[in-house]
Each structure stands twice: as structure tokens, then as C-alpha cells.
Amino acid sequence: MEIDIMRLAKLAKLSIPEDKVEEFRKKMEDIIQMVENLPDLDTQGSLVDPTNTMELRKDEVQPSFPRNEMLQNAPYTAAGCILIPKVVD
Amino acid sequence: MNSNYEIVVGLEVHAELSTETKIFCGCKNEFGAEVNTNVCPVCMGLPGTLPVLNEQVVEYAIKMGHAMNCTINGTTKHDRKNYFYPDLPKSYQISQFDIPLCENGYLDVLVGDEVKRIGVTRIHIEEDAGKLIHDDSLGGSLADYNRCGVPLIEIVSEPDIRSADEAKAYLDTIHTTLLYLGISDAKMQEGSVRCDVNVSVRPAGSTEFGTRVEMKNVNSFSAAHRAINYEAARQIKVLEEGGEIVQETRRWDDVKGVNVLLRSKEDAQDYRYFPDPDLLTFVVSDEKIAEIKASIPELPVAKTMRYMSEYKLSRADSELLALNKNTAAFFEAVIATGKCEPKSVSNWILGDIYKVLNERKCEITDLALTPANLAEMISLIEKKTISNAAGKTVLEVILDENKDPNEIVKEKGLAQVSDTGALNAIVEKVLANNEKAVTDFKNGKTNVVGFLVGQCMKESKGKGNPAMLKDMVVAAIEKM
Ligand SMILES: [Zn+2]
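Residues numbered from 1 in each chain as written. Chains lettered and ligands numbered in written order. Predicted model: local features only at pLDDT ≥ 70, side-chain atom pairs only at ≥ 80, totals over all residues. Heavy atoms only, no water.

Q: Pulling in residues and values, what's your account of the pairing of strand S10 (residues 151-157) of chain B?
A: Residue and element names in this part refer to chain B. Within S10, seven of the seven residues are buried, which leaves it mostly tucked inside the rest of the structure. With burial as the criterion, each face of S10 is covered, one bearing Pro151, Ile153, Ile155 and Ser157 and the other bearing Leu152, Glu154 and Val156. Bridging between strand S1 (residues 5-16) and S10 involves five bridges; their strand directions are antiparallel. Along S10, the bridge assignment pairs histidine 14 with glutamate 154. (Buried < 20%, exposed > 50% of the residue type's maximum accessible area, 1.4 Å probe, protein only. Helix = DSSP H or I, 4+ residues; strand = E, 2+ residues; numbered from the N terminus. Pairing = 2+ DSSP bridges.)

Q: Lay out the sheet that holds strand S5 (residues 92-95) of chain B in plain terms, naming residues and giving numbers.
A: By definition, the strands of a sheet pair up through backbone hydrogen bonds, in either a parallel or an antiparallel sense. Residue and element names in this part refer to chain B. Spatial ordering of the open sheet is given by S5-S4-S15, a layout of three strands whose pairing is antiparallel. Both edges of this open sheet fall to S5 and strand S15 (274-275), since each of them pairs with a single strand only. Note that strand S4 (residues 79-82) and S5 share four bridges and pair antiparallel. The residue bridging aspartate 79 from the neighbouring strand is serine 95, located in S5.

Q: Help me get a handle on the interface of chain A and chain B, residues and values and all.
A: On the side of chain B, 57 residues touch chain A, which itself brings 37 residues to the contact. Of the roughly 3900 Å² buried between chain A and chain B, counting both surfaces, carbon and sulfur atoms make up 62%. Of all residues in chain A, A:Met54, A:Arg57 and A:Asp59 give up the largest surface area on contact with chain B, accounting jointly for 19% of the area buried on that side. Counting across the chain A and chain B interface gives three salt bridges. Ionic pairing is found between A:Lys58 and B:Glu55, a salt bridge with its closest N-O pair at 3.0 Å. Across the chain A-chain B interface, the total number found is 21 residue pairs in polar contact (both at pLDDT 80 or more). Of all elements in the fold, only helix H1 (5-11), helix H3 (67-71) and strand S2 (81-85) of chain A reach the threshold of two or more residues within the side of chain A that touches chain B. Examining the composition of the side of chain A that touches chain B, we find that five residues originate from one element, S2(A), more than from any other. (Contact = heavy atoms within 4.5 Å. Buried area = accessible area lost by both parts, 1.4 Å probe. Salt bridge = Lys/Arg side-chain N within 4 Å of Asp/Glu carboxyl O. Polar contact = N/O pair within 3.5 Å; in protein donor to acceptor, adjacent residues only side chain to side chain.)

Q: Would you mind going over the sheet that holds strand S11 (residues 193-203) of chain B in detail, with residue names and values included?
A: Residues and elements named next belong to chain B. Sheet architecture is open: nine strands sit in the order S2-S6-S7-S10-S1-S11-S12-S13-S14, paired in mixed fashion. Looking at which strands have only one partner, the edges of the open sheet turn out to be strand S2 (71-72) and strand S14 (258-264). On the sheet, helix H2 (residues 164-181) packs against S1, strand S6 (102-111), strand S7 (114-127), S10 and S11 and is oriented at approximately 110° with respect to S6. Seen against the sheet, helix H3 (residues 221-240) touches S1, S11, strand S12 (213-218), strand S13 (248-253) and S14 and runs at an angle of roughly 25° to S11. (Axes fitted to C-alpha atoms, helices over the stretch in contact; angles between N-to-C directions.)

Q: Hey, could you go over the coordination of the zinc ion for me, with residue numbers and the actual values?
A: Protein coordination at the zinc ion: the donors are B:Cys25 (SG), B:Cys27 (SG), B:Cys40 (SG) and B:Cys43 (SG), at 2.3 to 2.4 Å from the metal. Around the zinc ion sit four donor atoms; with metal-centred angles ranging over 99 to 113°, the donor geometry is tetrahedral. (Donors = N, O, S within 2.8 Å, 3.2 Å for Na, K, Ca; no water. Tetrahedral: all angles 85-135°; square planar, octahedral: opposite > 155°, others 65-115°.)

Q: If you had to explain the side chain of B:Thr19 to someone new, which residues and values would you point to?
A: Tracing the backbone shows B:Thr19 in the loop between S1 and helix H1 (55-67). What makes B:Thr19 buried here is its relative accessible area of 4%.

Q: Give me the pattern of salt bridges: which residues, what numbers.
A: Pairing is possible between side chains of opposite charge, provided their charged atoms come close. All names here are of chain B. Summed over all chains, the structure comprises 44 salt bridges over all chains. Across the salt bridge formed by arginine 194 and glutamate 16, the nearest N and O atoms sit 3.6 Å from each other. A residue pair is termed long-range when its members are at least 10 positions apart, and arginine 194 in strand S11 and glutamate 16 in strand S1 qualify at 178 residues. Arginine 234 is the partner of glutamate 248 in a salt bridge, and the nearest nitrogen-oxygen pair spans 3.8 Å. In this pair, glutamate 248 is assigned in strand S13 and arginine 234 in helix H3, connecting sequence segments 14 residues apart. Here glutamate 248 and arginine 234 have matching classes, each one buried. Salt bridges sharing common partners tie together Glu298, Lys303, Arg306, Glu310 and Glu332.

Q: Please give an account of the confidence of the model for chain B that cites residues and values.
A: Across chain B, the average pLDDT comes to 93, with 100% of residues at 70 or higher. For this predicted complex, the interface score ipTM comes out at 0.82, alongside a pTM of 0.84. (pLDDT = per-residue confidence, 0-100.)

Q: Describe the domain arrangement of chain B, and please don't skip the residues or the numbers.
A: Often, the extent of an interface is quoted as the loss of accessible area on bringing the components together. Taken domain by domain, chain B holds domain 1 (5-292), domain 2 (298-412) and domain 3 (420-479). Measuring from the centre of the C-alpha atoms in domain 1 of chain B to the corresponding centre in domain 3 of chain B gives 64 Å. (Domains from an automatic or database assignment.)

Q: Which residues make up the environment of B:Ile408, and what are the values?
A: Residues and elements named next belong to chain B. Position of isoleucine 408 among the secondary structure elements: in helix H11 (residues 405-412). A relative accessible area of 1% means that isoleucine 408 is categorised as buried. Along the primary structure isoleucine 408 and glycine 105 are separated by 303 residues, whereas in three dimensions their C-alpha atoms are 52 Å apart.

Q: Would you mind going over a nonpolar patch on the surface in detail, with residue names and values included?
A: Residue and element names in this part refer to chain A. Together, Ile31, Met34, Val35 and Leu38 make up a nonpolar patch on the protein surface, roughly 400 Å² of accessible area in all. With respect to the secondary-structure elements, methionine 34 resides in helix H2 (residues 21-36). On the basis of relative accessibility, which here comes to 57%, the residue methionine 34 falls in the exposed class. (Patch = residues over 30% accessible without salt bridge, like charges linked within 9 Å, V, L, I, M, F, W, Y side chains within 5 Å. Areas by Shrake-Rupley, 256 points an atom, 1.4 Å probe, with all protein chains shown as cover.)

Q: So what's going on with the nonpolar core? Residues and values would help.
A: Buried together is how nonpolar side chains tend to be arranged in soluble globular proteins. Residues and elements named next belong to chain B. Membership of the largest hydrophobic core comes to 123 residues, with the highest contact counts inside it found for Met64, Met68, Ile125, Ile153, Ile155, Tyr170 and Leu374. The element best represented in this core is H2, accounting for nine residues. Summarising the domain contributions, this core has at least three residues from each of domain 1 (5-292) and domain 2 (298-412). One finds Leu431, Val448, Val449 and Cys456 within the second-largest nonpolar core, a separate group that totals 18 residues. (Core = buried A, V, L, I, M, F, W, Y, C linked by side-chain atoms within 4.5 Å.)

Here you go:
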């Protein structure tokens, strides 16, 4: 299987230096090889399983998480928000 | 628009559902809250958390599915749509890929006086992303995740739309339908309803589709109208100059009235959908689906058509009445009393009452006015007990007070004078004071009779019977 490591890097927003491309390509190939070795699951064309379904939740408000604690997960914060590098699309 | 070409439009509409809580966690679904206060580990996508689907979201989405004549897939699942963007902390959006909750429907919309049927490919449920606030002073962007996990339905149309006007009619109909069903507050200015527009053109008469271009950042329905016309004209110009349309995504700039290239096909996102392993299959029983269907009220387009055929109202009046759920219910309640003509009821609601609603920026249900009082007032006019002018006086009172119109007529002495003796005295006085008008009438300017009757009405303080006064004025002048 041909792996376009630069395309994967682009999708994942990762920058990979030129001299590392070969190394990552090899690693990725190993990962895919490992997955290919897993036994096939018969999905019969669809992955819905009516014999194993989930219970839905009532539309009732539960307390949210305290903001100051939540923001402790972020390296930079400002004005109650997570501060991130400027994005323009 | 160049008539050698036909425009083909498909629309993807996202609408936020007005549930109490988010789609997969118990955080409040609320617009305008203090930043990052309605967040929890689930909607922030922290490792080790598990989403649990909100049953109200499923019910609301099925409602919309029924309103758009869809098949409901009672057994379905969720899929992950993967993309990196900082408004999406999980780096994937929980959506639905190959088995949408609703599919293969249609929506009938009114374009001019024609009914146009627009196919609905699918309606699926998914979660909204957060909001980025760009702030140059901080040298970065601020992420507010309150909107992460707010429930959305995405409604995808077939490429059945053939003009900007049809697109506008389709979007307006979706908007009123959301409000009728009470499943979304549908506020464009708060971004509760958003749309992506796909446009292509083809030679008139061709059955093959041209290459389509997707437009993002279309933030209002009127912007959609402008964006479609702009993009169609741009494509036609390219083709006329011998060029080729390429598949791409463009960004609409409504202020400048132009669009610019956002990304080409080569840069198209690859969302790598796969079934979400955190969420199992979910099943909605046939009974539940039927129960939801039975709860769907008569919708605006059906109402408009019925008002036209049943009450012989004009298309424009019928639509205005049907557009607002509260106004339509009020109108129907007045008709149900059987006391007055639908046409008069429509005229009062769309005339004097609408003026008040606009001035006060409120809904008809915010007034003290009851259908029974309005019906009684109109019937008093129709029975010629009071004049139209006296009706306006009564309306002023019953708008803000629940009071029997008969009482008001008695208290204010508004009953119409039909006594010939009393009216004759008024006519004589008015004719004596308006010699010029009388002469004009004699010289063939018969339309001055309106002026003279108006003077008589004024003289009678609005109590005279205008039809009688008119006959009496004409008879009196002819006798002169
Ligand atoms: Zn949450």
C-alpha cells in the first residue's frame, strides 16, 4: 500500500521535516500492516446493531464544570477563553 | 440573467434545536451565556468521557423529518467527521454519515402563485462547534466552547432549485416550519440557522448538471439570494468567455457583494468518516415515530393554500396570516365563532392590528385582545350597528382590555344613527356649508360625493350610517 505521508501530515496539521518523511512513512506502514493482520469483522454492509442499543438521556440540565478548573487544561488563557494562535480560514 | 442558461441550486441548512441541554451532555443549551460557562468534560472532548444522546434531539429531528415528508430511519447510528480546527476540541464532530435519521422527503413551497416541490435528500443530527473570537490585541484567537455540542439538524436539499427566488422561498418555508414546530428559535442574527449554497449552471434544456461550486459564509436568507445570483452570473461569464468551471469552495462577502476562492478541489477536506465507537446503535420504535407524526400541526404552506381556497383570500393575505403561528391561530379562532366574514377578519388583522403589533414590536398573543371580542366588534359593523370608524374606536379599547364591544358601544354612544330625520338635518347643514362641492357635483364631478359623505360622518361624530348618508346626499343635490 502506497502511503502519502505528506498528505496525512496535512490532514493532521503536522509539519514533518523533509529528512523525517521516510522514517514516518516506514512507521505508518508498520501500523497499517498491524491493522491488516487483524481478523476481518463481518459487518454485513452496515454497523448498526439493533440487538445492542443505547438508552437515551432525558433533556435535563446537569451542572457544568467550573470554568477556572476547565481552563487549567489549557496552556494559555485570556478573558475566560482558551488563547490559541491566530486562525483565519 | 442570461436566458440561455439554467441555474441549479442545492442548499444545506443547519438549524440549532431549542432543547434545554446539549446533544450529548447535560450542559445548558443557551445563547449569550458568559464564555466557557456551559462546558463539561464531555463537550470539551476530554479523554475518558462518554457522550449520551438527548432523546429530545431525536424527537425534534423526527418532527422536522415528518414536516418535510421524509422516511424516518428508526434504527440508526452516529459517525465521526474528522477535521482539525480549534473550534472543535475533540478534532471530530459527532454526526451521521450513511444512515441519516430522516431521508427521501420533499417540501412544497410557494414561488409567486406556483407550488414548487423541492426534494429533501436527508436530515441528520449532529453537534455544533464552538466559537472563535479574533482579537488582534492579544495576538491570537479566543476560543469559547459554550456552543460545542449544541444540537443541530442538517437539512440537505436535492439540486431541484432553479432560481434565487425559489431558494429564498425554500429557506423562508424552512424558517416558518421550524417556528411552527417549536423546535428551533430560528434566529438568523444569532446564527441559529445557517446555510451553505451549491450553485451550478447549464445550457437551458440540458439534462446534465454543470460543475458545482459551494459557497460558505452565507449568513442570511437575503444574502443567499444575492450570493446565488452573483455566483450564477460569474459562472455564465466564465462559460461565455470559453472558460471552464472548476469544483471549488468560495467564500461569500455580503458587504462587498462578491465571493472569493476559499479552497480548490485539491485542497478539499477529507473527513474520514467512521462509526463512533462511543455511541451504540439507537432505535426509535414505529409507535413513537407515528406518535410524533400525529403531533405535527398544519404547516404554513398548507394553511396558505387552505385560506385561499376556503376563505377566498388573496395569496398575499393568506401567506401573511399563515406566516406567524400565533396570528394564524388567532385568525382561525375568530372565524370559528361564525360571527363574521373571513375577509373582514383578515382586513382587520392585517390592517389596524398589524400596525399596532409593528409599533409595539409584539405578538398578537401579547395583546389583551381576544378572538371573541374581535369577532363581536366586526359583527357589529357587519350588522350595521356601528360604522367602520366606530369599529376602530372599539378596537382601541379591546386591544388592551377584555371588554364586551356591546358595552363599549353603549358607554361611548357609538351606535350608528340610521334615523332619517336626524341624518337629514346633518345632510342639509353639510350641503349648505359646502356650496362649491355641490356645484362641482352638478357639473359632473360626481366623485366629490365621497368628500361630502365624509363631512357628514364628521358632523355625526362617526355615528351616521355612511351608506344611508350617501344616498341622501345624492338625492338632496338632485332635488336642488
Ligand atoms: Zn457539556
